[in-house]
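Remarks on the overall topology
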Amino acid sequence: MNVLILGSGGREHALAWKIAQSPVLKKLFIAPGNAGTLQHGYNVDLDTNNFGQIGQFAIDHDISLIVVGPEAPLVAGIHDYFLEKPELGNIAVIGPVRKAAMLEGSKDFAKEFMQRHNIPTGKHRTFTRNEINEAMSYLKEFQAPYVIKADGLAAGKGVLICETFEDAEQELNAMLIEEKFGDASAKVVIEEFLNGIELSVFVLTDGNSYILLPEAKDYKRIGEGDTGLNTGGMGSISPVPFADNDFMKKVEDRIIRPTINGLTKEGISYQGFIFFGLMNVEGNPYLIEYNARMGDPEAESVIPRIKSDILELFQGIANRNLKSSKIEIDPRYSTAIMLVSGGYPEKYEKGKSIKGLENIDESIIFHAGTAYDQEEKIVLTNGGRVLAITSLGKDMKDALEKSYQNADKIKFEKMYYRRDLGSDLEKFQA
Ligand code: AMP
Ligand code: GLY
């Protein structure tokens, strides 16, 4: 079959790398892709939010399945668009319909859903602009740090953790009254701060049954020791040593199954990845957020651990018979180190030539913000997060060593990466 992947990051390169290994694949297209996805298929210049253009491309190129990488087209209703158009109805879309993608697209919707289905999460309330006074007095029920979230999509910047009451008041005002995030902060969720250690858990679902994928730990802050600004993610590690059988059973019993059953009960059909952003609070999982897609950079460590044919799993979703699919997981550790442009997540430069890609051994390079210069035949930086270096190893140390050794062989101007990945997990290892 012919497959189209939408997106251009490390997650999409990891998906392309995996899909290219499937015996049922004929042609793979990635829109818009990057210099890495070029190794596995054809990059095509489509706008991921222009559904008419994508639909026409799918017809012209006999696409049977579309994998949607990022959240924006899902929240904007790309799956609904394909369902509504008779000529596109037989093309499978991996990624939920708009209503289901609201689990990511609206924090208020997600919180209400968790509450209806008794899914453990922090105490919270939602406020609109004309409830600013109520919002201020609700804040007083908590102690620092204060958690304030824009309801809608805000390019990963909509969650604020405020260290003082004054900061929290100021942020509430900025979001609700000054429309800091435009429409996305027309509603704001105030939430209890959960103190624990985070992890990301993923499932594939056809709406009835689900398959658990390997879990991962993401490193969000720019600085070593989890300091400095939040980023899209500076690397990931899978498996997570504290996510033992006992903990994962709690995750399935208290969070995953109630979510799938809740969707069914509410008549919301869901086909695709569900990403559960969890906090482990003294051995008990709490749900911080849902995402309607695979994580990035989690995909770069998780996908290489999937031994089964991913297109077969996607077909199971499309045909609503995922129940009969089995997944085989590589038991080894997988570590993805993100190499980023100096200055990221604030201002940074693009267009720097990347050297040393040919010297890598025993690691997989997943490209994120890269572009191929056809004339010069070189790979250039084209974003904040540039490359993920993924390695598999018999234990976490072994995998990390390979990733770091190879990271040292890559060079581009002002390249930066965190050297402390995994140090927070050592204490949990047997
Ligand atoms: P999000 O953009 O929703 O992934 O949130 C960004 C980050 O904020 C999360 O990954 C957590 O580190 C942090 N966070 C969100 N909600 C809470 C909470 N209730 N308690 C503690 N940290 C939180
Ligand atoms: N790594 C977090 C995310 O994909 O949102």
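The model shown is predicted, which means the values in this text are computed figures rather than measured ones.

Quick word on the nonpolar core
Membership of the largest hydrophobic core comes to 75 residues, with the highest contact counts inside it found for Leu4, Ile66, Phe82, Phe276, Tyr290, Leu339 and Ile410. Of all the elements, helix H9 (residues 245-265) adds the most residues to this core, at seven residues. Those residues in contact with Leu339 that lie beyond four places of it in its chain are Gly384, Arg385, Val386, Leu387, Ile389, Ala407, Ile410, Phe412, Met415, Tyr416 and Tyr417. The next biggest cluster of nonpolar side chains, apart from the first, holds 40 residues, and it includes Ala14, Leu15, Leu25 and Leu65.

Looking at the site of ligand 1
Within the structure, ligand 1 sits among 14 residues, and Glu191, Glu192, Leu194, Glu198 and Glu289 are positioned closest to it. Protein chains bury 88% of the 480 Å² of accessible surface belonging to ligand 1 in isolation. At the level of elements, strand E7 (146-150), strand E8 (159-162) and strand E17 (284-291) are the ones that each hand at least two residues to the shell around ligand 1. Along the lines of polarity and charge, the residues of the shell around ligand 1 split into seven nonpolar, no polar and seven charged.

Points about the site of ligand 2
Near ligand 2 you find Asp218, Gly232, Phe275, Asn291, Arg293, Gly295, Asp296, Pro297 and Glu298, and these make up its full shell. One of the side-chain N or O atoms of Arg293 is found 2.8 Å from an oxygen atom in ligand 2. Protein burial of ligand 2: of its 200 Å² of free accessible surface, 86% is covered by the chains. In terms of residue class, the shell around ligand 2 is built from two nonpolar, three polar and four charged.

Notes on the pattern of salt bridges
Going through the model one piece at a time under the given rule, you end up with 29 salt bridges. Residues Glu179 and Arg129 are paired through a salt bridge, measuring 3.4 Å at the closest nitrogen-oxygen approach. Taken as a pair, Glu179 in the loop between helix H8 (165-176) and strand E9 (187-191) and Arg129 in the loop between strand E6 (124-128) and helix H7 (132-139) lie far apart in primary sequence, 50 residues in all. Salt-bridge contacts for Lys307 lead to Glu328; the nearest nitrogen and oxygen are separated by 3.7 Å. In this pair, Lys307 is assigned in the loop between helix H10 (298-302) and helix H11 (310-318) and Glu328 in the loop between H11 and strand E18 (333-341), connecting sequence segments 21 residues apart. The class of Lys307 is partly exposed, set by a relative accessible area of 47%.

What counts, and at which threshold
Residue positions are counted from 1 within each chain, in the order its sequence is given. Chains carry letters from A onward and ligands carry numbers from 1 onward, assigned in written order. Per-residue local features are limited, in this predicted model, to residues with pLDDT of at least 70; the limit for side-chain atom pairs, both in listing and counting, is 80 or more; totals at the level of whole chains, interfaces and linings are taken over all residues. No hydrogens and no water enter the side-chain calculation; it runs on all heavy atoms of the structure. Put simply, a nonpolar core is a bunch of buried Ala, Val, Leu, Ile, Met, Phe, Trp, Tyr and Cys residues held in one set by side-chain atoms that sit within 4.5 Å of each other. Buried means the residue's accessible area, taken with a 1.4 Å probe over protein chains only, is under 20% of the maximum for its type, while exposed means over 50%, and partly exposed covers the values in between. The helix and strand labels rest on DSSP assignments: H or I over at least four residues marks a helix, E over at least two residues marks a strand, and numbering proceeds from the N terminus. Only heavy atoms enter the contact rule, under which two residues are in contact if any of them lie within 4.5 Å. Nearness is judged by heavy atoms alone; a residue qualifies as near a molecule or strand once a single heavy atom is within 4 Å of it. Shrake-Rupley sampling with a 1.4 Å probe provides the accessible areas, and residues are treated as covered by the protein chains on show and by no other component. The classification used treats Ala, Val, Leu, Ile, Met, Phe, Trp, Tyr, Cys and Pro as nonpolar, Asp, Glu, Lys and Arg as charged, and all other residues, Gly among them, as polar. Definition of a polar contact: a pair of N or O atoms within 3.5 Å, with one able to donate and the other able to accept a hydrogen when the atoms are protein atoms, and with sequence-neighbouring residues admitted only if both atoms are side-chain atoms. Put simply, a salt bridge is a Lys or Arg side-chain nitrogen that is within 4 Å of an Asp or Glu carboxyl oxygen.

Honestly, it's all geometry; don't read function into it.
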